[in-house]
Structure formats: structure tokens, C-alpha cells
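Chain by chain, the residues run as shown.
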Amino acid sequence: MSSQEEILSDGRFSRITRDPRFWEMPEKERKIKIDKRFRAMFHDKKFKLKYTVDKRGRPVNYTSTENLRKFYALSESDSDISEGDSEELTEKKKKKKKAKPKGQADS
């Protein structure tokens, strides 16, 4: 087989390197931006499927949420919000865990 350099040096294929139709798409443009309304699909159980085989019957070990992360991304303004929300949720959980021992002493 010919190497990549030999193919590009061939006169018939020389324009491929200059033609934007054949350039690889940047990852920022490749992923579809979604807003905060659809943020739940990354962590909601309704959207999570565990695959054991692919469409050709070969064994695989991944879930549908990995596919979602591959094709979708939160928009920049919403990703900042989601990071802040996740921090707030962890703080609330910590406060609830600390509050439970006091509540148990009352009963």
C-alpha cells in the first residue's frame, strides 16, 4: 500500500490538502450545543441504557450517556451554571448529613 505522503504527492490528489471540504471538522463545531433545559439527559436514569453488544453482535462495555457526551455539549453559558449548580448540590448534601445527627438526638 502507498503511504500518505505518496498519495498527497500524486498530482491527481494534490488539491485535497487545500480543499476545505476534506478538512477535519474541529471538535468545538462537531458537538451540538444544548442549553440547560436538556442538561438532565446527561445524568437522568431515563436516558441511561447499558449496552452489552453493538449492532453487529460484538460485546461492548459502555452506556448511552457516553454516546450523548460524544455528540452533545452544554453551551458555555449553561456549563458555567451547571458547575455552580453541582457545587450547590454538594454543599446542600453536606449540610443535610450534618443536620441528621442533631435530629436523631431529639427523638
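Residues numbered from 1 in each chain as written. Predicted model: local features only at pLDDT ≥ 70, side-chain atom pairs only at ≥ 80, totals over all residues. Heavy atoms only, no water.

K.L.:
Even after reading the chapter, I still don't get the overall build of the protein chain, so can you show me in this structure?
P.N.:
Assigned secondary structure in the protein chain consists of four helices and four strands. Reading the helices (α) and strands (β) of the protein chain from amino to carboxyl end gives α-α-β-β-β-α-β-α. The burial tally for the protein chain puts 14% of its 107 residues in the buried class. The contacts of the protein chain with a sequence gap of at least 6 include a subset with a gap of at least 24, amounting to 48%. When the accessible surface of the protein chain is split by element, carbon and sulfur atoms take 54% of a total near 10000 Å². (Helix = DSSP H or I, 4+ residues; strand = E, 2+ residues; numbered from the N terminus. Buried < 20%, exposed > 50% of the residue type's maximum accessible area, 1.4 Å probe, protein only. Contact = heavy atoms within 4.5 Å. Areas by Shrake-Rupley, 256 points an atom, 1.4 Å probe, with all protein chains shown as cover.)

K.L.:
What is the right way to look at the nonpolar core in this model?
P.N.:
Generally speaking, soluble globular proteins have nonpolar side chains that are buried together. Core analysis: the biggest nonpolar cluster contains five residues, these being Ile34, Met41, Phe42, Leu68 and Leu74. Setting aside residues up to four positions removed in sequence, phenylalanine 42 forms contacts with Ile34, Thr65, Leu68, Arg69, Tyr72 and Leu74. (Core = buried A, V, L, I, M, F, W, Y, C linked by side-chain atoms within 4.5 Å.)

K.L.:
Any chance you could explain a nonpolar patch on the surface here in plain terms?
P.N.:
The grouping of Ile7, Leu8, Phe13, Ile16 and Phe22 at the surface amounts to a nonpolar patch, some 390 Å² of accessible area in total. Within the secondary structure, phenylalanine 13 is located in the loop between α1 (4-9) and α2 (27-30). Classification of phenylalanine 13 by relative accessible area gives partly exposed; the value is 32%. (Patch = residues over 30% accessible without salt bridge, like charges linked within 9 Å, V, L, I, M, F, W, Y side chains within 5 Å. Salt bridge = Lys/Arg side-chain N within 4 Å of Asp/Glu carboxyl O.)

K.L.:
Where do I start with the pairing of strand β2 (residues 50-53) in this structure?
P.N.:
Alignment of β2 against strand β3 (residues 59-63), held across three bridges, turns out to be antiparallel. Note on β3: the bridge partner recorded for lysine 50 is threonine 63. Hairpin geometry of β2 and β3 is characterised by an intervening segment of five residues between the two adjacent antiparallel strands and by a positive phi of about 90° at glycine 57. (Pairing = 2+ DSSP bridges.)

K.L.:
Sorry, what's going on with the pattern of salt bridges here?
P.N.:
When the charged atoms of two side chains with opposite charge come close together, those side chains can pair. One pass over the structure, following the stated rule, counts five salt bridges. Across the salt bridge formed by aspartate 35 and arginine 37, the nearest N and O atoms sit 2.8 Å from each other. By relative accessible area, aspartate 35 is classed as partly exposed at 25%. Look at arginine 37 and you get exposed, because its relative accessible area is 64%.

K.L.:
Any chance you could explain the environment of threonine 63 here in plain terms?
P.N.:
Structurally, the position occupied by threonine 63 is in strand β3. The buried category is assigned to threonine 63, whose relative accessible area is 11%. Expressed as a C-alpha distance, the spacing of threonine 63 and tyrosine 51, which sit 12 residues apart in the sequence, is 5.7 Å. Non-local contacts of threonine 63, meaning those with residues more than four positions away in its chain, are made with Lys48, Leu49, Lys50 and Tyr51. Polar side-chain contacts of threonine 63 include one of 2.9 Å to the side chain of threonine 65. (Polar contact = N/O pair within 3.5 Å; in protein donor to acceptor, adjacent residues only side chain to side chain.)

K.L.:
What's the story with the confidence of the model for the protein chain in this structure? I'm lost.
P.N.:
As a note on interpretation, predicted positions should not be read in detail where pLDDT is low. On average, the protein chain scores 75 in pLDDT, and the residues at 70 or more come to 69%. By mean pLDDT, helix α4 (residues 76-106) is the weakest element of the protein chain at 55, and strand β1 (residues 32-34) is the strongest at 88. (pLDDT = per-residue confidence, 0-100.)

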